[in-house]
Amino acid sequence: MYGGSRDGMICGFFSPTLLQSAHIQSPYSVYQARDRSEPQGNLSLPSRPSRLSCARRQPGATKPFFSALVCTLHFFICGLDYQSYRYYKAETRALDLDGMLEDLKAAPQDACVVLHACAHNPTGVDPNEEQWQQIAEVCIAKNFFVIMDAAYLGFASGSPVKDSYAIRYFVSKNIPLVVCQSYSKIFGLYNERTGACLVVTPSEQTTKAVVSQMKVLVRRNWSNPPAHGARIVATVLSDAALKARWFEELKSMSGRIISMREKLYAALLAKKTPGTWNHIVDQIGMFTFTGLTEAHVAFLTEKYHIYMLKNGRINMAGLRDSTVEVLAGAIDDAVRNCSNVSKL
C-alpha cells in the first residue's frame, strides 16, 4: 500500500484516501508493506545509529522549528537541536497569531516546521480555520517542510474529520507534509505505542525516495515491532459497525472533557473569582493552561494537596463532577489569598 497516489501527492505506506477521511483505514499495512521487501542498498553498519542520526548528519540542515510551548518529549525523542516560534500569549491565554506568523516569516527558506494538528499540547490553544489558512500561506511562501503532530484527532471537537482540518487543508495546497499520528489516546492503546506516519510529496520520484529512506529508518530503529496495537486499530477501522461505535466513543469522551471545562468555568464565575476565566472554555482538548502562577500552584499543593505542573497546566480529563467544585474553591482561595500573586 505504499507508492502510487492521487495526483502524485499522498504517498508513504498508506492508501491515497487516508488523509481525506482523516483516519487510517489499515495501520497494519505499514508492517505489511515493510515486510514485502527489504530496504535497498547496503545496510551494514559498524554500530546501531541513534534515532534520526541521519537527519543530524545532513550538511547545512537548519534546526527544526517547534512552538515555544510544546510537549518536552519531542526533544527527548528526536534528540535534535531546535528553534522556536511564538505560539501562546500568556496575557490573553490565547494564540499569539501575529507573533507566530512573524517568527515563521523570519525563519530560513526551506526550514522544517512542526505544527500540532489540533488540541495543542500543552496549551489547549488551536488556530481556527482562517488562522490555519494564514499559517499555510507562510509555509507555501517559505517552502517549509511541515511535520504535523496529530495525537488527538477526535479528542478536541469529538470529530476526527473536523479535528483534521489543518491536515486536509495543507494537503489541498500541495504543501510537503509528514503527519505523525498517534493512537495512544484516541484508541486507549497507550502501552501498545501504536501510530502511523503519512507522507505527502510533490512527485512520484520523491515518493520513491521517501519510501526508501523510511524503510532504512524503520529497519535501524525497531525493525519488527509488536503488531498487537496496529491490528486492533486495523480491525476497528476496517469494520463499519466498529468504526461507527469508535466515533461515538470519541464524541462521548471529548464531550465529557468539554463538560468539565464548562462546569469549572461556571463554578469560578459563581464564586466571582478575581480575573478572567473564559480561556478555560475557549481552549480545547485534554489540557488547559489555567493562568495560575507557580506561587498559586505551590499554594494549592501545600494547602489542598492538589497537584499540577508548575506552569499551571491541568489535564481536564482528570476532573469529575464530584471534584470540580473542590478545584474551583481551591483556585478561588489561591487567587484571593496567595502571596506573590500576579494578575490573571
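Everything below is about the structure shown above.
Residues numbered from 1 in each chain as written. Predicted model: local features only at pLDDT ≥ 70, side-chain atom pairs only at ≥ 80, totals over all residues. Heavy atoms only, no water.

Interaxial distance between helix α13 (residues 294-304) and helix α14 (residues 321-337) falls to 9 Å at its minimum, and their mutual angle equals 125°. What the angle tells us is that α13 and α14 run oblique. In this structure, the crossing between α13 and α14 has a hand that is right-handed. Contacts between α13 and α14 involve His 296, Phe 299, Leu 300, Lys 303 and Tyr 304 from the first element and Gly 329, Ala 330, Ile 331, Asp 333, Ala 334 and Val 335 from the second. Tallied by class, residues from the contact of α13 with α14 come to seven nonpolar, two polar and two charged. (Axes fitted to C-alpha atoms, helices over the stretch in contact; angles between N-to-C directions. Helix = DSSP H or I, 4+ residues; strand = E, 2+ residues; numbered from the N terminus. Parallel < 35°, antiparallel > 145°, perpendicular 65-115°, else oblique. Left-handed = near helix turned anticlockwise from the far one by under 90°. Contact = heavy atoms within 4.5 Å. Nonpolar A, V, L, I, M, F, W, Y, C, P; charged D, E, K, R; others polar.)

What follows concerns unusual backbone geometry. At the junction of Asn 121 and Pro 122, the peptide bond is cis and its omega measures out at 20° in the coordinates. Note on placement: Pro 122 falls in the loop between β6 (112-116) and α6 (129-141). Positioned with a positive phi, Asn 143 is a non-glycine residue whose angle comes to about 55°. Along the polypeptide, Asn 143 turns up in the loop between α6 and β7 (145-150). Positive phi outside glycine occurs at Ser 223, with the angle close to 60°. Tracing the backbone through its elements, the reader meets Ser 223 in the loop between α9 (204-221) and α10 (228-237).

The subject of this paragraph is the packing of aromatic side chains. Inspection of every chain in the model, using the stated rule, returns eight aromatic pairs. With a centroid separation of 5.0 Å and an interplanar angle of 85°, the aromatic rings of Tyr 88 and Phe 289 are classed as edge-to-face. Of the two residues, Tyr 88 sits in strand β4 (residues 88-89) while Phe 289 sits in strand β10 (residues 287-289), which places them 201 residues apart along the sequence. Both residues of the pair, Tyr 88 and Phe 289, count as buried. Centre to centre, the rings of Phe 187 and Trp 246 are 4.4 Å apart; their planes meet at 15°, and the pair counts as stacked. Of the two residues, Phe 187 is situated in the loop between β8 (177-182) and β9 (195-200) and Trp 246 in helix α11 (residues 240-270); the sequence distance between them amounts to 59 residues. Connected via pairs of aromatic rings, a cluster forms that spans Tyr 183, Phe 187, Trp 246 and Phe 247. Looking at Arg 313, its charged tip hangs above the ring of Phe 287, at a distance of 3.9 Å from the centre. (Phe/Tyr/Trp six-rings, centres within 6.5 Å; stacked < 30°, edge-to-face > 60°. Buried < 20%, exposed > 50% of the residue type's maximum accessible area, 1.4 Å probe, protein only. Lys NZ or Arg CZ within 6 Å of the ring centre and 35° of its normal.)

With that settled, the discussion passes to the nonpolar core. Residues Leu 115, Ile 135, Met 148, Phe 170 and Leu 264 are the most contacted members of the largest nonpolar core, which totals 79 residues. The residues contacting Met 148, other than those within four sequence positions of it, are Leu 115, His 116, Ala 117, Trp 132, Ala 166, Ile 167, Phe 170, Leu 177, Val 178, Val 179 and Cys 180. (Core = buried A, V, L, I, M, F, W, Y, C linked by side-chain atoms within 4.5 Å.)

The next point concerns the pairing of β6. For β6, the tally of buried residues reaches five of five residues, placing the bulk of the element in the interior. Burial along β6 is two-sided: the face carrying Cys 112, Val 114 and His 116 and the face carrying Val 113 and Leu 115 are both buried. The pairing of β6 with β7 spans five bridges and is classified as parallel. Across the sheet, Leu 115 pairs through a bridge with Met 148, a residue of β7. Where the polypeptide runs from β6 across α6 and back to β7, its parallel neighbour, the crossover connection is right-handed. (Pairing = 2+ DSSP bridges. Right-handed = clockwise from strand over helix to strand, strands pointing away.)

The analysis is restricted to geometry; functional conclusions fall outside its scope.
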